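Chains, contacts and geometry: an overview
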Amino acid sequence: MIKFLFIVANLYVSTSIAALRCLEADLILTNGTIYSGLNDDSYVGTIASKGSKIIYVGDVVPDNLHCAGAKVINLSGKYIYPGFTDAHGHLKGIGYRELSLNLQGISSLSETLEVVKNYLSTKKPGDWIIGRGWIDKVWPESRFPTRWDLDLFSPNNPVVLERADGHAVVVNSKVLKLANIDSNTEDPQGGFIEKDTSGVPTGLLVDMAMNLIGDLIPKLTREDDKEAFLEGIKRNIRLGWTQIHVPGGTFEDISILNEIKSENKLDQRVYFMVSDGEPADRLLKQGPIIDPEHFLTVRAIKMYADGALGSRGAALLEKYSDYDGKGVFIFLEEETRPRLAKALSKGIQIGTHAIGDHGNRVVLDWYEDSFIEAKKNNNFLVSPRWRIEHSQNITPQDQRRFVELDIIPSMQPSHAIGDLHFAIDRLGLDRINNAYPWRNLINQGLIIAGGTDAPVEIGDPRIEFYAAVTRKDLDGFHDNGWNLDQRLTRFEALKMFTIWPAVASFEEEVKGTIEVGKLADFSIFDKDLMTIPEQKILEAKTILTVVNGKVVFQD
Ligand SMILES: [Zn+2]
């Protein structure tokens with residue numbers, strides 16, 4: 001608090017001296033409860049911005065703020081936070097979820113089928129019905145949907161419903177017929193066609209088996225993609241997100257986002273990681289694309305080390321507790337290692353998906369080798385800020401290596417509260433101590449870039465904040481052995497979605513806290529996320545979102 005008073009006093013002195021000069025603010029937010037993000041204190045005060053930047057913040061409003069035609073919004077005590085960033089969100093997928101049939105959050109199979117049936121009634125005969133987001137783990141029926149469930153109301157329209165994790169689809173008989181999938185069809189490499197006891201396909205296609213129908217689904221065009229991006233942005237700013245780190249995509253995506261930017265419709269900042277493979281090689285060749293306005297920076301590559309815990313694809317050091325296997329590795333040493341070396345020499349960040357303790361160890365090994373090699377060749381930039389996306393299961397010795405190698409764990413609190421229903425089965429009570437180890441990592445001095453992984457998860461800042469501080473599911477449930485001591489404080493949760501993602505995108509000098517000279521990005525809610533009872537966090541409403549000094553959403 002003392003530090004804060006000092007800052008205000010300073011501002012007051014300097015503004016009194018310049019009392020005659022108009023500050024020409026163009027946006028003034030008055031009477032707000034301000035959490036600057038520098039500490040966990042708040043105070044009622046005013047923030048003013050001019051152009052893209054904050055020019056005043058404090059509780060003594062100087063006379064010369066109002067001298068130009070500023071837009072003034074009285075916040076009546078509502079709560080202003082630094083702009084919230086989703087450090088791991090698949091923006092285009094979020095948009096497509098909005099545009100297609102969204103099945104996320106429906107709590108039973110029967111209701112899910114009802115929603116699909118109603119959606120079908122708005123379509124023409126023969127139209128494809130594409131939905132995504134169903135998740136059986138919360139359904140009382142506790143089974144996967146089948147072709148026969150769908151055939152009951154849709155014998156003629158092809159239906160494809162993707163599971164929330166993107167690792168399986170259920171289709172109706174019409175689709176199986178179009179794809180020539182029957183009892184005789186063999187499982188493809190890396191996937192399987194679920195069959196009942198008499199060998200008849202049930203309609204569930206897992207992992208690579210989804211490709212068997214890929215060519216049938218009407219192709220999406222560039223226009224579709226653009227619409228999805230726009231829809232994703234619109235949805236995110238409504239929830240209070242001011243920036244998103246997009247983990248993977250193509251140069252075509254970047255060109256669409258540039259077009260959206262040139263049309264003045266990029267209302268959410270985007271920090272873009274290109275996908276491994278051809279896009280990665282193109283970025284490595286041309287070098288980082290850094291936007292001085294911080295709307296669309298491309299300086300990172302997204303890689304994949306292993307799969308996911310739910311589908312037992314995460315690479316573990318020892319066997320799964322409920323399965324005779326250790327998961328899978330996705331990336332290939334001979335392809336990955338040269339890219340890592342090149343990225344270091346070009347100042348390009350790497351963010352690798354790693355879930356299992358083995359997956360995380362191998363990524364740390366390869367990162368470490370690349371750093372040693374680059375240092376030998378004088379190719380080492382001071383702080384590469386390489387990340388590990390998800391970083392879910394990490395042995396204590398590897399947790400220390402995150403510190404030694406200065407790696408940023410990029411984690412999604414909602415994964416922990418979704419996975420708590422099955423993670424103990426997969427890992428057993430011993431290994432669960434190394435899962436989602438937020439507190440351990442922070443106590444060792446690390447920062448955590450907080451994200452949502454939407455559309456795998458819902459992608460709501462309130463859910464992430466709640467999950468980070470409670471580690472319980474949305475009904476307040478947690479299992480025995482679920483290490484509640486790994487929970488975060490409210491202030492740590494705030495940093496996880498504000499200043500820490502700013503560090504992870506090399507932008508902490510210009511964003512992440514509310515300070516004069518920084519970009520005017522604010523998330524404004526009707527509730528005090530820092531003090532209200534846990535369950536109330538989920539009831540908070542976004543009332544205003546400001547990006548670059550512009551009101552992009554107002555309730
Ligand atoms: Zn993801």
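Residues numbered from 1 in each chain as written. Predicted model: local features only at pLDDT ≥ 70, side-chain atom pairs only at ≥ 80, totals over all residues. Heavy atoms only, no water.

**A closer look at helix 11 (residues 357–376)**
Just so we agree on the cut-off: Under the scheme used here, helices are H or I runs from DSSP no shorter than 4 residues and strands are E runs no shorter than 2 residues, and both carry numbers assigned from the N terminus. To estimate how far a helix should reach, multiply one less than its number of residues by 1.5 Å. Two residues qualify as a contact provided that any one of their heavy atoms is within 4.5 Å of a heavy atom in the partner residue.
Between the first and last C-alpha of helix 11 there are 29 Å, a value that for 20 residues agrees with the 28 Å anticipated at 1.5 Å per step. Those residues of helix 11 that are buried lie in contact with helix 10 (333–346), strand 16 (349–354), strand 17 (387–390), helix 12 (396–405) and helix 14 (423–431). N378 sits one or two residues past helix 11 and shows a positive phi near 55 degrees.

**Some words on the packing of aromatic side chains**
The line we're drawing: Stacked, edge-to-face and tilted labels apply to pairs of Phe, Tyr and Trp rings (six-membered ring for Trp) whose centres lie within 6.5 Å, assigned for plane angles under 30 degrees, over 60, and everything in between, in that order. Only protein chains enter the accessibility calculation, which uses a 1.4 Å probe. A residue is then buried if its area is under 20% of the maximum for its type, exposed if over 50%, and partly exposed in between.
Summed over all chains, the structure comprises 14 aromatic pairs. Each ring, one from Y81 and one from F84, has its centre 6.1 Å from the other, and the planes form 90 degrees; the classification is edge-to-face. The pair Y81 / F84 is uniform in exposure class, with both members buried. Between Y320 and Y323, the ring centres sit 6.0 Å apart and the planes meet at 70 degrees, which makes this aromatic pair edge-to-face.

**Some points on the coordination of the zinc ion**
As a reminder, the rule being used: Donor criterion used throughout: N, O or S atom within 2.8 Å of the metal, extended to 3.2 Å for Na, K and Ca. Water excluded; incomplete-looking sites may result.
The zinc ion binds to the protein through H88 (NE2), H90 (NE2) and D453 (OD), with metal-donor distances spanning 2.1 to 2.2 Å. Positions of the donor residues of the zinc ion along the chain correspond to the pattern H-x1-H-x362-D. Of this pair, H90 sits in the loop between strand 6 (84–86) and helix 2 (91–99) while D453 sits in the loop between strand 19 (449–450) and helix 16 (461–470); the two residues are 363 residues apart in sequence, bridging distant segments of the chain. With relative accessibility at 22%, the residue H90 sits in the partly exposed group. Note on D453: relative accessible area 7%, which makes it buried.

**Observations concerning the sheet that holds strand 13 (residues 241–247)**
Formally: Note: two strands are recorded as paired if DSSP finds a minimum of 2 bridges between them. Angles shown run from 0 to 180 degrees and are taken between the N-to-C directions of axes, each axis being a line fitted to C-alpha atoms and, for helices, limited to the stretch in contact.
Taken together, eight strands build an open sheet; the order of strands is 6-13-14-15-16-17-18-19 and the sheet is parallel. Each edge of the sheet is formed by a strand with only one pairing partner; in this case those strands are strand 6 and strand 19. Here strand 16 runs beside strand 17; their pairing, made up of four bridges, is parallel. Paired with G351 across the two strands is R387, which belongs to strand 17. Along the sheet, helix 11 makes contact with strand 16 and strand 17, crossing strand 16 at roughly 160 degrees.

**A look at the side chain of Q268**
Put simply, the rule is: What qualifies as a polar contact is a pair of N or O atoms within 3.5 Å, subject to a donor-acceptor requirement within protein and to the restriction that residues adjacent in sequence count only when both atoms come from side chains.
Along the polypeptide, Q268 turns up in the loop between helix 8 (251–262) and strand 14 (269–275). Side chain to side chain, Q268 and N236 meet in a polar contact 3.2 Å long. Side-chain polar atoms of Q268 contact the backbone oxygen of Q243, separated by 3.5 Å. Beyond its immediate chain neighbours, meaning those up to four positions away, Q268 contacts L91, I233, N236, I237, W241, T242, Q243, I244 and F295.

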